[in-house]
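# Examination of the molecular architecture
Spelled out, the chains give:
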Amino acid sequence: MDSDLFSRRRAERFAQLLDEANGGRRHHVRSRADDELAALVAVSQRLAADRPAVEVDANFRTGLRAMLVAAAERQGVDTPAKADTATAGIGVRGSLLPAVTGRRARARGAILVGVAAGAIALSGISAASENALPGDALYGMKRSTERAQLALASSDLSRGQLFLDFARTRFDEATTVHGDRIGFSAVLDDMDADTRQGVRLLATVATQRSDPAGLNAIDAFLGSQQRAVSGLLDRADHVERERTHRSLALLDDVNSRAAGIRAAIACGLPAPSASDALGPAPGTCPADR
């Protein structure tokens, strides 16, 4: 069976069912996929009826529009069909081509509308998940939204700053975990991982460009994060205190690394070739040897 033809027929049938559900004329045909497609139509109806009561971020709107425009260009939606001069005058087949092309365009348009509705609905769920904590039903959506933000970031500098923002978020989550040693440790593991990723990206940008902007972001992060994490030492559980000391040790390492890179940039050392989990490992300036 031609899988492309089969998929196209399913898309066209889905478009027909959407039309009928929205008050359009009924098509007196059935297909074997109707039961499965009916479930998708029901989802579409619920998305239309239960619009999320949130304000969609302007950056999200811009990104969504760009995605849909790109998809429309790939699929040929709203582009005029090219005339086939060899078959344009051939009887019935020639007369059917415009109708088939129109149905195909409507089917592709229906799919794009479904993608848009789903994305907007998910943006509402994403907003609702902002305050989700580990173990909450929406926590997975919260982390998925963070990964999407990273994917949409325009530069390594932006991605590095996002990772440090997520490390701050993991700290906030850690303060809510009480009496769960495993959960507390897991959140701090994620916090430390985000810290390393952010510092590595920002330090790499700083050394490659000989520009301290990335280091400034690291210093601003350390200024608040070290004080905040130190507050976790007040916990009564000695295991949690020991785990907190490991995160504080990482922040001390980050402080030393940022200071070393800043000094290397100031004295004109070339970008180092050696690197580790925190990014480039700078050499020592001649005056300091």
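Just so you know, the residues in each chain are numbered from 1, in the order the chain's sequence is written. Under the rules for a predicted model, residues below a pLDDT of 70 receive no local features and side-chain atom pairs below 80 are neither given nor counted, while totals for whole chains, interfaces and linings still include all residues. The basis for every side-chain value is the complete set of non-hydrogen atoms in the structure, without hydrogens or water.

### Considerations on the overall build of the protein
- Put simply, DSSP marks the helices as runs of H or I at least four residues long and the strands as runs of E at least two long, and each gets a number from the N terminus on. When helices and strands are counted, the protein shows 9 helices and 2 strands.
- Along the protein, helices (α) and strands (β) appear in the sequence α-α-α-α-α-α-α-α-α-β-β when read from the amino end.
- Out of the 289 residues in the protein, the part that is buried amounts to 32%.
- By definition, residues are in contact when any of their heavy atoms lie within 4.5 Å. Long-range contacts, defined here as pairs at least 24 residues apart, represent 64% of the contacts in the protein between residues at least 6 apart. Burial here depends on accessible area, computed with a 1.4 Å probe over protein chains only, as a share of the maximum for the residue type. Under 20% is buried, over 50% is exposed, and the range in between is partly exposed.

### Some points on the packing of helix H7 (residues 181-209) against helix H8 (residues 213-230)
- Convention adopted: a line fitted to C-alpha atoms gives each axis, helices being fitted over their contacting stretch, and angles between N-to-C directions are expressed from 0 to 180 degrees. In the contact formed by H7 and H8, the axes pass within 9 Å of each other and the chain directions differ by 155°. By the criterion of interaxial angle, the relationship of H7 to H8 is roughly antiparallel. Classified by chirality, the crossing of H8 by H7 is left-handed. Along the contact surface, H7 presents Met191, Thr195, Val199, Leu202, Ala203 and Ala206, while H8 presents Gly214, Leu215, Ala217, Ile218, Phe221, Gln225 and Val229.
- Three classes are used, and their members are as follows: Ala, Val, Leu, Ile, Met, Phe, Trp, Tyr, Cys and Pro are nonpolar, Asp, Glu, Lys and Arg are charged, and the others, Gly among them, are polar. Within the contact of H7 with H8, the residues separate by chemical class into 10 nonpolar, 3 polar and no charged. In these notes the angle categories are as follows: under 35 degrees is roughly parallel, over 145 is roughly antiparallel, 65 to 115 is roughly perpendicular, and the rest is oblique. Should the near helix be turned anticlockwise from the far one by less than a right angle, the crossing is termed left-handed; should it be turned clockwise, right-handed.

### Considering the nonpolar core
- Counting residues in each nonpolar core, the largest one holds 27 residues, and the members touching the most others are Ile218, Val229 and Val254.
- When contributions to this core are tallied by element, the ones reaching two or more residues are helix H6 (156-174), H7, H8 and helix H9 (238-266).
- No other element matches H7, which puts 8 residues into this core.
- When near neighbours in sequence (up to four residues on either side) are disregarded, Ile218 contacts Leu164, Val199, Leu202, Ala203, Val254 and Ala258. Definition of nonpolar core: a set of buried residues of the types Ala, Val, Leu, Ile, Met, Phe, Trp, Tyr and Cys, connected through side-chain atoms within 4.5 Å.

### Some thoughts on the confidence of the model for the protein
- Residue-level confidence of the predictor is what pLDDT reports, using numbers from 0 through 100. When pLDDT is averaged across the protein, the result is 77; 63% of the residues are at 70 or more.
- Across the protein, element-level confidence peaks in H6 with a mean pLDDT of 96 and bottoms out in helix H4 (residues 91-128) with 52.
- Here residues 1-5 is a poorly scored stretch, pLDDT under 50, and it has 1 contact once near neighbours within four places are set aside; other chains count.

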